[in-house]
Amino acid sequence: MTREVQVRRLLENGYAEVFMERPTACSGDCHHCAGGCTAAKEIMVVRARNLIGARPGDRVLLELSARQMLKISLLTYFVPIVLFFLGWFLGSLAGLAPWCGGAGFVLGIGFILWFNRHVEKKAPVQYRIVGYV
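Here is what the cut-offs are and how they apply
- Residues numbered from 1 in each chain as written.
- Predicted model: local features only at pLDDT ≥ 70, side-chain atom pairs only at ≥ 80, totals over all residues.
- Heavy atoms only, no water.
- 1 Å grid on protein atoms, 1.4 Å probe; cavity = no way out; pocket = protein on both sides within 12 Å on 5 of 7 lines; lining within 4 Å.
- Points joined across faces, edges and corners; volume = space filled by probe spheres on them.
- Nonpolar A, V, L, I, M, F, W, Y, C, P; charged D, E, K, R; others polar.
- Helix = DSSP H or I, 4+ residues; strand = E, 2+ residues; numbered from the N terminus.
- Pairing = 2+ DSSP bridges.
- Axes fitted to C-alpha atoms, helices over the stretch in contact; angles between N-to-C directions.
- Phe/Tyr/Trp six-rings, centres within 6.5 Å; stacked < 30°, edge-to-face > 60°.
- Buried < 20%, exposed > 50% of the residue type's maximum accessible area, 1.4 Å probe, protein only.
- Lys NZ or Arg CZ within 6 Å of the ring centre and 35° of its normal.
- Parallel < 35°, antiparallel > 145°, perpendicular 65-115°, else oblique.
- Left-handed = near helix turned anticlockwise from the far one by under 90°.

Enquirer: Please explain the layout of surface pockets as it appears in this structure.
Expert: By rolling a water-sized probe across the atoms, one finds the places where empty space is left. As a volume, the largest pocket reaches approximately 1,200 Å³. Lining of the largest pocket is provided by 31 residues; of these, I72, N116, E120, V125 and Y127 occupy positions nearest its centre. Looking at side-chain class alone, the lining of the largest pocket contains 20 nonpolar, 6 polar and 5 charged residues.

Enquirer: I'm lost on unusual backbone geometry in this one. Help?
Expert: Across the chain, the bulk of peptide bonds are trans and the bulk of non-glycine residues have phi less than zero. One non-glycine residue, N13, adopts positive backbone phi at about 60 degrees. Among the structural elements, N13 can be located in the loop between β1 (2-10) and β2 (15-21).

Enquirer: Help me out: how do you make sense of the sheet that holds strand β4 (residues 59-63) in this one?
Expert: Strands belonging to one sheet form pairs held by backbone hydrogen bonds; the direction of such a pair is parallel or antiparallel. Pairing is mixed around the closed barrel formed by 5 strands, whose spatial order is β1-β2-β3-β5-β4. Across the sheet, the axes of successive neighbouring strands diverge by a mean angle of 55 degrees, strand direction being ignored. Two elements, β1 and β4, share 5 bridges in a ladder whose sense is antiparallel. By the bridge assignment, Q6 is partnered in β4 with R59.

Enquirer: I tried to follow the packing of aromatic side chains on my own but got confused; where do I start?
Expert: The description of an aromatic ring pair uses the distance of the two centres, along with the angle that the planes make with each other. Applying the stated criterion across every chain yields a total of 4 aromatic pairs. Taking 6.0 Å as the distance between ring centres and 35 degrees as the angle between the ring planes, the aromatic pair formed by F111 and W114 counts as tilted. In this pair, F111 and W114 are both assigned in helix α2 (residues 97-122), 3 residues apart and thus about one turn of the helix distant. What makes F111 partly exposed here is its relative accessible area of 33%. An aromatic cluster is defined as three or more aromatic residues linked by ring pairs; in this entry it consists of F84, F85 and W88. Lying over the aromatic face of Y15, R47 brings its terminal NZ or CZ to 3.7 Å of the ring centre. Here the basic side chain of R49 rests over the ring of Y15, its NZ or CZ set 5.0 Å away from the ring centre.

Enquirer: For this particular structure, what's the right way to read the packing of helix α1 (residues 66-94) against α2?
Expert: When two helices pack together, you describe them by how their axes are tilted relative to each other and by the distance separating the axes. Orientation of α1 relative to α2, taken along the N-to-C sense of each, is 150 degrees, at an axis distance of 7 Å. The angle between α1 and α2 places the two elements in the roughly antiparallel class. Both α1 and α2 take part in a crossing whose hand is right-handed. Taken together, the residues that form the contact of α1 with α2 break down as 15 nonpolar, 8 polar and no charged.

Set out below in structure tokens:
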């Protein structure tokens, strides 16, 4: 995955802080919507390996490896769905399928939030600046 971003400031050890708009569900194609874009723009600030020596204010290409993106996506979507169906199956044995399925889904979301907080401290997502725009 590659995105156009702007360098905000330089950090130590060859890193830079960059900011970008968080992608929305509609992919940012506001001109295709009949009523215009109603999605709020959210700015993300991330730390990236500065491989090209970019300076503050430079527009650059930020890259996240496909492998890391796949791991994040699988974890985010797969865990809650699996726990939903596991809860539904176990709940159907007791006649409480909808409640147990919902509880499994909520448990999956809770796990994702917990996991994200702990993993981000130990092994943050590795963004890289790979070129100029």
